[in-house]
Every structure is written in C-alpha cells, then in structure tokens.
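# Architecture at a glance
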Amino acid sequence: MRNKIFVTRIIPDAGLKLLREQFDVDVWQEFLPPNREALLSRVQGAVGLLSLLSDRIDTEVMDAAGPQLRGIANFAVGFNNIDVAAAIARGIAVGNTPDVLTDATADTAVGLVIAAVRHFQSSILQVRNLQWKTWEPIGQLGHDLNGKTLGIVGMGRIGAAVARKLVGGWGMKVVYTSRSPKPEIDKEFSATRVSLEQLLSQSDVISLHTDLNEQTKHMISHREFAIMKPNAVIVNTARGGVVDQDALYSALKSKVIFAAGLDVTDPEPLPADSPLRELDNCTILPHIGSATFEARDRMAVMAAQNLIAASTGKSIPFPVR
Ligand code: DGY
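Parameters and conventions
- Residues numbered from 1 in each chain as written.
- Predicted model: local features only at pLDDT ≥ 70, side-chain atom pairs only at ≥ 80, totals over all residues.
- Heavy atoms only, no water.
- Salt bridge = Lys/Arg side-chain N within 4 Å of Asp/Glu carboxyl O.
- Helix = DSSP H or I, 4+ residues; strand = E, 2+ residues; numbered from the N terminus.
- Buried < 20%, exposed > 50% of the residue type's maximum accessible area, 1.4 Å probe, protein only.
- Pairing = 2+ DSSP bridges.
- Contact = heavy atoms within 4.5 Å.
- Near = heavy atom within 4 Å.
- Polar contact = N/O pair within 3.5 Å; in protein donor to acceptor, adjacent residues only side chain to side chain.
- Areas by Shrake-Rupley, 256 points an atom, 1.4 Å probe, with all protein chains shown as cover.
- Expected span 1.5 Å × (residues − 1).
- Axes fitted to C-alpha atoms, helices over the stretch in contact; angles between N-to-C directions.
- Parallel < 35°, antiparallel > 145°, perpendicular 65-115°, else oblique.
- Nonpolar A, V, L, I, M, F, W, Y, C, P; charged D, E, K, R; others polar.
- Left-handed = near helix turned anticlockwise from the far one by under 90°.
- pLDDT = per-residue confidence, 0-100.

## A short note on the pattern of salt bridges
When their charged atoms lie close together, side chains carrying opposite charge are able to pair. In total, this model carries 15 salt bridges according to the counting rule given. Where Asp 99 meets Arg 157, a salt bridge forms, and the shortest distance between an N and an O atom there is 3.5 Å. Here Asp 99, found in the loop between β5 (93–95) and α5 (102–117), pairs with Arg 157, found in helix α7 (residues 157–170); they are 58 residues apart in sequence, far enough to count as distant. A salt bridge links Lys 165 to Asp 107; its shortest N-O distance comes to 2.8 Å. Remark: Asp 107 occurs in helix α5 and Lys 165 occurs in helix α7; sequence separation between them is 58 residues. Overall, Lys 165 belongs to the partly exposed group, its relative accessible area being 26%. Three or more residues are tied together by salt bridges with common partners; here these are Arg 36, Arg 56, Asp 58 and Glu 60.

The following block contains the structure:
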C-alpha cells in the first residue's frame, strides 16, 4: 500500500505527475478550497500535505493528519498560513517555492505601478461604461516615472527584481528597507538603505515586499500614509495584512496619496462591501502575482520534490527560511 498525500487543490500536472509516481494522491477537486471540516477529514493518514496560501495549516490540521505526517509543502513562496514552529517541533518539514515566481510577481508589481500612476483603472471603466466622449487635454493625467524615486519595503528577491525592472526601464532611483545591510543591492542599483519613515517621505513609488508577521501587520497605516508625498503610489504584491485597509481607503479617498495597486487584500477575496472597490484610484487584482504557466509549473514541481524528500525522511530541497 502506498503512502497518502493530500493536495488541497488541483495544481499543474507537472507536480501531480511526480507525486502520482510514488504516492496515493488525493486531490481536492472543487474550485473553492476545502472548508475546515473537509480539510481535517481529508488530511487524515497523509504523510504529506500540499497546501495553498489560502489553507490555514495549524496544530489542529497536524493532529488531524496523524503522527505519520512528515512534510507540508506550500504551493507559494509566502508561508504565513502555516504554523511553522509547531510543525518543526513535531518533526514535520515545511517547504515553499522560492525564486521561481520572483519575476512573475515582480512583473505584476510593475504592471500595478503603471496602472496606478497612469489611471488605467478609471480609464478602462470610462471606455467600458461609454463615458469616453473626447480626447482630453487635461483629463486622466498621471505622472512620469523617469528619474523618480522607488521605495522598496523589504528588499528580498522579489523587491530586487522590481527594482531591476524599474531602474532598467525608467532609470528610477532606489531607496529600500531591509533587516540587514545589502552591499550587493547598494552596488547594483546605487541604492540607499533607509528607515521606513525616510523611504515613505522620499518615494514617488512605494512597493511592498515584506513578509506578513506580528511585526509587519498594518505596518502601513494612518501615520505612514500621512508622511507620503501627495503624488505617491503604493503597490502591494506581498500580503494584504501589511496594509491597514481602512487607512488606505482614507488616504486614497481624500487624495493624501495619488493611487494604489493591490494584488493582495485582507481578507481575500475582498468582501463585496469593501469601499476600496468604488475608488477610481485603486486598481485591485485577485492575487495573480505568480499566475504564469511557467511559474506555476515550476512551483508544482518544487512542492512535489519537497514532499518526496520529506516522506523518506531526507532533507527537503526547498525548506522555508
Ligand atoms: C506567494 O507565492 O506567496 C505569492 O503570494 C503567490 O502569488
């Protein structure tokens, strides 16, 4: 009898094929994620769990799986949905999918920067709603990016990829925050590591790339919006919880800042009654940062490789860090 793996959603075949060669693979077939009851029931007896960022994987899930659970492979680079400390304490390896989605996510961030700075959201709606009446000499005006200042909050792999694209394409100057100095970044982009306050007050474009944890929850709130420039645009491709959405709404509505582009919200999906939906200067995408064929195939393979190693007690190739 083969060991069981539970996969909480249909993922690309590239990963499922690898898993099916070795395991009895139970894949949740529905469009929406398993609810709590279904997750707790289907994970029972699994040696490996392939989870998505929308699945909360805590001690209750680990208990429900049973003592044979050896590995949890998140189909994402972020892993704030998993109680990693509890898993490690039980000897369960936890893996993620770094690097392979860096460019896809950075491309999404750059797209949101342009959408935000050039009014794509309201312009698309104008055409769709038959409100495009004439060419407007002083309508729908946005801002140039050339030579402006880009602030990367959390200079990791994705932040650096965003900087690379915006420096290469638009000659932007870079300031950034990070827990430790990054001499290679300073050199590559002639960038300067600054405090969050300095970054927010100097940047024309602010791009968020920090993990979501207790320290970063709502790190961008009323006080932070108040020190941004009036022409600032803020883009979030990290996690919705990093931004206080009530504060974002006030800042956008009262034009304290120019615009925002969000690939992530809190919660997801954005509730039907969220006032952010009504704003002309807020472009919102449904968390598509890593959604390219190439990235998702590679993520599926990495998640499968993590579970294959974990199930045999070997070190996993892509552990969370
Ligand atoms: C991740 O992998 O954490 C991203 O948010 C997916 O887009």
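So that's the structure; there's more coming.
## Here's the deal with the sheet that holds strand β11 (residues 259–262)
Spatially, β8-β7-β6-β9-β10-β11-β12 is the arrangement adopted by the 7 strands of the open sheet, whose pairing is parallel. Strands with a single pairing partner mark the edges of an open sheet, and in this sheet they are β8 (192–193) and β12 (282–284). Inspection of the sheet shows strand β7 (residues 173–177) paired to β8 by 2 bridges, in the parallel sense. Residue pairing for β8: Tyr 176 is matched across the bridge by Arg 193.

## Some words on the side chain of Thr 97
Tracing the sequence through the fold places Thr 97 in the loop between β5 and α5. If sequence neighbours within four positions are ignored, Thr 97 has contacts with Asn 74, Phe 75, Ala 76, Val 77, Met 299, Met 302 and Ala 303.

## Side note on the site of the ligand
Neighbouring the ligand are the residues Leu 53, Ala 76, Val 77, Gly 78, Leu 101, Arg 239, His 287 and Ser 290. Within the backbone of Gly 78, an N or O atom sits 2.9 Å from an oxygen atom of the ligand. Measuring from an oxygen atom of the ligand, one finds a side-chain N or O atom of Arg 239 at 2.7 Å. Here the ligand loses 94% of its free accessible area of 230 Å² to cover by the protein chains.

## As for α5
For α5, spanning 16 residues, the distance from its first C-alpha to its last is 22 Å, which sits close to the expected 22 Å at 1.5 Å a residue. Of all 16 residues in α5, 12 are buried, a share of seventy percent or more. The positive-phi residue at the C-terminal boundary of α5 is His 119, with phi of around 60°.

## Structural notes on the packing of helix α1 (residues 13–22) against helix α12 (residues 293–311)
Remark: α1 packs on α12, axes separated minimally by 6 Å, with the N-to-C direction vectors making an angle of 25°. On the basis of their axis angle, the class for α1 and α12 is roughly parallel. Within the contact between the two elements, α1 uses Ala 14, Gly 15, Leu 18, Leu 19 and Gln 22 and α12 uses Asp 297, Ala 300, Val 301, Ala 304, Gln 305, Leu 307 and Ile 308. Of the residues that constitute the contact of α1 with α12, the class distribution is 8 nonpolar, 3 polar and 1 charged.

## Side note on the packing of α5 against α7
Interhelical geometry of α5 versus α7 gives an angle of 50° and a closest axis separation of 8 Å. Regarding the angle of α5 to α7, the classification is oblique. Seen from above, α5 lies across α7 with right-handed handedness. Across the interface between the two elements, Thr 102, Asp 103, Thr 105, Ala 106, Asp 107, Ala 109, Val 110, Val 113 and Ile 114 of α5 pack against Arg 157, Ile 158, Ala 161, Val 162, Lys 165, Leu 166 and Trp 170 of α7.

## Re the confidence of the model for the protein chain
For the protein chain, mean pLDDT is 98; residues scoring 70 or higher make up 100% of the total. The spread of mean pLDDT over the elements of the protein chain runs between helix α6 (residues 120–128), the lowest at 96, and strand β9 (residues 205–208), the highest at 99.

## Things to note about the sheet that holds β5
Across the sheet, which stays open at both edges, the 5 strands sit in the order β2-β1-β3-β4-β5 with parallel pairing between neighbours. Looking at the sheet topology across the chains shown, the edges are occupied by β2 (24–27) and β5. Averaged over all adjacent pairs, the angle separating strand axes in this sheet is 15°, with direction ignored. Alignment of strand β4 (residues 71–74) against β5, held across 3 bridges, turns out to be parallel. When the sheet's bridge partners are listed, Ala 73 is paired in β5 with Gly 95. Sheet strands touched by α1: β1 (4–7), β2 and β3 (46–51). Its angle to β2, the strand with the most contacts, is close to 140°. Where α12 meets the sheet, it contacts β1, β3, β4 and β5, and its direction lies at approximately 175° from that of β4.

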